[in-house]
Amino acid sequence: MFAPLVEWLRRRRIPFSENAPISPHLYFRIGGLVSLLVPAPTMEVFAAVLQELAAAGSPALVIGGGSNIVFPDGLTRAAVLLAPAPPQVEARLLGDGVLQVQAAVRNGPFLAWCAVLGAGGMEFLSGIPGTLGGAVAVNAGAFGRSMSDVLLGADIVDETGARRAVDAAHFDFRYRDSRFKLGREAVLSLRLRFAAGDGAAVAKKTREHLEYRVRRHPSYRLASAGCFFKNPLLNGAKTSAGIVIEKCGLKGTRCGDLAVAEEHANFLLNRGHGTFADLQRLEEKIRATVAARAGIVLEREVIYVSPDGEKY
Ligand SMILES: Cc1cc2nc3c(=O)[nH]c(=O)nc-3n(C[C@H](O)[C@H](O)[C@H](O)COP(=O)(O)OP(=O)(O)OC[C@H]3O[C@@H](n4cnc5c(N)ncnc54)[C@H](O)[C@@H]3O)c2cc1C
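Keep in mind the model is a prediction, meaning the values are calculated, not measured. (Residues numbered from 1 in each chain as written. Predicted model: local features only at pLDDT ≥ 70, side-chain atom pairs only at ≥ 80, totals over all residues. Heavy atoms only, no water.)

A. Summary view of the sheet that holds strand β5 (residues 75–82). Taken in spatial order, the four strands make up an open sheet running β1-β2-β5-β3, and their pairing is mixed. Of all strands in the sheet, those bounded by a partner on one side alone are β1 (17–21) and β3 (61–63). Averaged over all pairs of adjacent strands, the angle between strand axes in this sheet comes to 45°, irrespective of strand direction. The pairing of β3 with β5 spans three bridges and is parallel. Paired with L61 across the two strands is V80, which belongs to β5. Here helix α1 (residues 3–11) sits on the sheet and contacts β1, β2 (33–39) and β5; the angle it forms with β2, its principal contact strand, is near 30°. (Pairing = 2+ DSSP bridges. Helix = DSSP H or I, 4+ residues; strand = E, 2+ residues; numbered from the N terminus. Axes fitted to C-alpha atoms, helices over the stretch in contact; angles between N-to-C directions. Contact = heavy atoms within 4.5 Å.)

B. Up close: the site of the ligand. Every one of the 34 residues lining the ligand counts as a neighbour, but V62, G64, S67, K181 and R213 are closest to it. Note that an oxygen atom of the ligand is positioned 2.7 Å from one of the backbone N or O atoms of V62. One of the backbone nitrogen or oxygen atoms of G141 is found 2.7 Å away from a nitrogen atom of the ligand. Notes on the ligand: free accessible area 970 Å², of which the protein chains cover 97%. Of all the secondary-structure elements, those providing two or more residues to the shell around the ligand are β3, α4 (132–138) and β13 (186–193). The greatest single-element share of the shell around the ligand, amounting to five residues, is contributed by α4. Taken together, the residues of the shell around the ligand break down into 17 nonpolar, twelve polar and five charged. (Near = heavy atom within 4 Å. Polar contact = N/O pair within 3.5 Å; in protein donor to acceptor, adjacent residues only side chain to side chain. Areas by Shrake-Rupley, 256 points an atom, 1.4 Å probe, with all protein chains shown as cover. Nonpolar A, V, L, I, M, F, W, Y, C, P; charged D, E, K, R; others polar.)

C. Spotlight on the pairing of β2. A large share of β2 lies buried, amounting to five of its seven residues. As paired strands, β1 and β2 are joined by four bridges and run antiparallel to one another. Across the sheet, the residue bridging to E18 is L36, located in β2. Bridge analysis of β2 against β5 gives six bridges, and the strand direction is parallel. Residue pairing for β5: L37 is matched across the bridge by V80. (Buried < 20%, exposed > 50% of the residue type's maximum accessible area, 1.4 Å probe, protein only.)

D. Fine view of the packing of helix α3 (residues 107–117) against helix α5 (residues 199–216). Interaxial distance between α3 and α5 falls to 6 Å at its minimum, and their mutual angle equals 150°. With respect to α5, the element α3 is oriented roughly antiparallel. Of the residues in α5, those touching α3 at L111, C114 and A115 are G199, V202, A203 and T206. Broken down by class, the residue content of the contact of α3 with α5 amounts to five nonpolar, two polar and no charged. (Parallel < 35°, antiparallel > 145°, perpendicular 65-115°, else oblique.)

E. Summary view of the sheet that holds strand β12 (residues 163–167). With antiparallel pairing, five strands are arranged side by side in an open sheet as β6-β7-β13-β11-β12. Unpaired on one side and paired on the other, β6 (91–95) and β12 mark the two borders of the sheet. Adjacent strand axes in the sheet meet at a mean angle of 20°, parallel and antiparallel pairs treated alike. As judged from the four bridges shared by β6 and strand β7 (residues 98–102), these two strands associate in the antiparallel manner. Each bridged residue has a counterpart across the sheet, and for G95 the counterpart in β7 is V98. On top of the sheet, helix α2 (residues 43–55) reaches β7, β11 (151–157), β12 and β13; it is set at about 125° to β13, its chief contact. Packing of α3 onto the sheet brings it into contact with β6, β7 and β13, and relative to β6 it is tilted by some 45°.

Okay, here's the thing in structure tokens:
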């Protein structure tokens with residue numbers, strides 16, 4: 001199925017592996033094999049592979065930091081493209097409170113760069129793992145702010161393989177969602193609005209946000225994908241899914257090696273060799289219990305991938 005791409009990659013000496021394990025690239029460590037895995041060495045290669053696949057009619061499944069996605073236990077018939085890990089923060093100030101940053105840049109180093117330059121307004125990303133491309137695709141957020149509050153536009157590769165600039169409206173942002181979350185377009189770089197300020201104040205806020213999370217969340221060394229369910233609406237107001245799950249007495253509930261965290265009931269933890277099947281069973285158990293006891297229908301925030309490589 002991917003023979004032409006394999007040939008194309010070989011000719012250009014771009015590294016790839018066939019029938020490769022995907023779980024080492026995911027925070028949750030859940031997933032079997034993928035037909036083709038391409039760890040893009042640079043953003044130029046990343047864009048070129050996307051364009052080649054789009055031309056062949058089988059667009060790639062893009063992974064940024066892998067902190068919000070899991071794969072099935074068996075083989076996933078898909079070409080998976082891993083964003084490069086840039087050795088330094090590829091970002092620049094464009095003036096007038098606007099900066100441009102490459103999508104593969106990790107949130108942590110980006111915030112350190114913001115602190116040096118006194119670029120405020122993005123501190124809410126502190127402690128959220130992953131890349132800026134992943135953050136904008138899922139409209140990541142915390143402390144009442146999310147990527148939709150700061151994104152002005154982006155350079156993308158669309159489903160036809162065309163590289164083009166789009167504005168924020170193209171993202172069709174919703175709560176923890178955008179057209180990129182389950183779609184096939186990929187972000188190459190982002191233009192973000194920032195508030196010019198004092199670098200020390202940016203650094204302080206970034207540190208405080210991180211400390212708050214470290215106090216309230218399970219250890220970041222444990223395998224998870226952060227909050228598993230979206231916060232539901234209750235009488236028109238957002239309610240913490242974690243508190244709802246906790247009140248239903250589900251803390252510590254296990255299915256195989258998957259468990260509801262004791263520290264925060266919206267974190268599901270992979271305690272060793274958890275499988276996708278375990279995760280689905282635990283998800284259903286939580287969903288059914290919460291529906292029966294609290295009358296609330298929980299919606300999953302974490303992304304699943306089907307054996308055909310479709311995100312859902
Ligand atoms: C401990 C922990 C805490 C967390 N806390 C939070 C939190 O407070 N708030 C929050 O919102 N999330 C949180 N998360 C979830 C996750 O970290 C965020 O959603 C993060 O922004 C995802 O980024 P990523 O690069 O890892 O995306 P990935 O998991 O790699 O991908 C997520 C989605 O984005 C797409 N994608 C990735 N890169 C690109 C790109 N360049 N172009 C187009 N699409 C792309 C993927 O195809 C996929 O659909 C947490 C996760 C963990 C493990």
